[in-house]
Amino acid sequence: MATYDGLALLRAIVSGELPGAALADVLDFRLIEVERGFAVFEGTPHSRFYNPLGTVHGGWAATLLDSCMGCAVHTLLDAGDGYTTLEIKVNYVRPMTEATGAVRAEGRVLHEGRSTATAEGRLVRADGKLLAHGTTTCAIFPGALLQT
């Protein structure tokens, strides 16, 4: 992995050349599009993700937003660089159920610095209605993957 820059690595995942994160299989979402500073995941809410109130648990939406925003930052990294989420803020606008159908999580970088980056994310239904939105701050670790 350390031989790929961030954008190339994520493009290899989108194309199927490299596997995506195992978590995405468990939670039924996948990376479908990346460009510099931008990443999109698509997922399908299921009843197995429901909370006791009969709607999709907010953690599922937060995971999609964390993924799209983090991967938007990941597209900026040089080969060997690492990053991690320092902070995430999520606002829930509408509930989700199985009837919601496929959703799309779009992440976009707002600020690219040497040691931190910020991004915003939107989770929307197929008709474009907003379900949740958020922001993140990520720490960037130049050369971190080369040291492991």
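Residues numbered from 1 in each chain as written. Predicted model: local features only at pLDDT ≥ 70, side-chain atom pairs only at ≥ 80, totals over all residues. Heavy atoms only, no water.

Student: What's the story with the pattern of salt bridges in this structure? I'm lost.
Tutor: Here the structure, examined in full by the defined rule, presents six salt bridges. E106 serves as the salt-bridge partner of R104, at 2.6 Å between the closest nitrogen and oxygen. (Salt bridge = Lys/Arg side-chain N within 4 Å of Asp/Glu carboxyl O.)

Student: What's the story with the nonpolar core in this structure? I'm lost.
Tutor: Where a protein is soluble and globular, its nonpolar side chains tend to be buried together. If you look at the biggest cluster of nonpolar residues, it comprises 35 residues, and the most contacted ones within it are F41, W60, L64, L65, M96, V103 and L123. Every element with two or more residues in this core is listed here: α1 (6-15), β1 (29-35), β2 (38-43), α3 (58-74), β4 (103-112), β5 (116-125) and β6 (130-141). If you tally residues by element for this core, the top one is α3, at 10 residues. Not counting residues within four places of it along the chain, the set of residues in contact with W60 comprises L27, D28, G43, T44, P45, F49, M96 and V103. (Core = buried A, V, L, I, M, F, W, Y, C linked by side-chain atoms within 4.5 Å. Buried < 20%, exposed > 50% of the residue type's maximum accessible area, 1.4 Å probe, protein only. Helix = DSSP H or I, 4+ residues; strand = E, 2+ residues; numbered from the N terminus. Contact = heavy atoms within 4.5 Å.)

Student: So what exactly am I meant to see when it comes to α1 here?
Tutor: One turn of an α-helix holds 3.6 residues; hence residues three or four places apart share an orientation. When we look at burial in α1, the residues that qualify are G6, L7, L9, L10 and A12. Contacts from the buried residues of α1 go to β1 and α3.

Student: Whenever I open this one, the pairing of β5 confuses me. Can you help?
Tutor: In summary, the side chains of a regular strand alternate between the two faces of the sheet. Across nine bridges, the pairing between β4 and β5 is antiparallel. Counted as the bridge partner of A105 is L123 from β5. From the end of β4 to the start of β5, which pair antiparallel, there are three residues. In the sheet, β5 pairs with β6 via nine bridges, with the strands oriented antiparallel. Each bridged residue has a counterpart across the sheet, and for A119 the counterpart in β6 is T136. Linkage of β5 to β6, two consecutive antiparallel strands, is achieved through a turn of four residues, within which G128 is found at a positive phi near 90°. (Pairing = 2+ DSSP bridges.)

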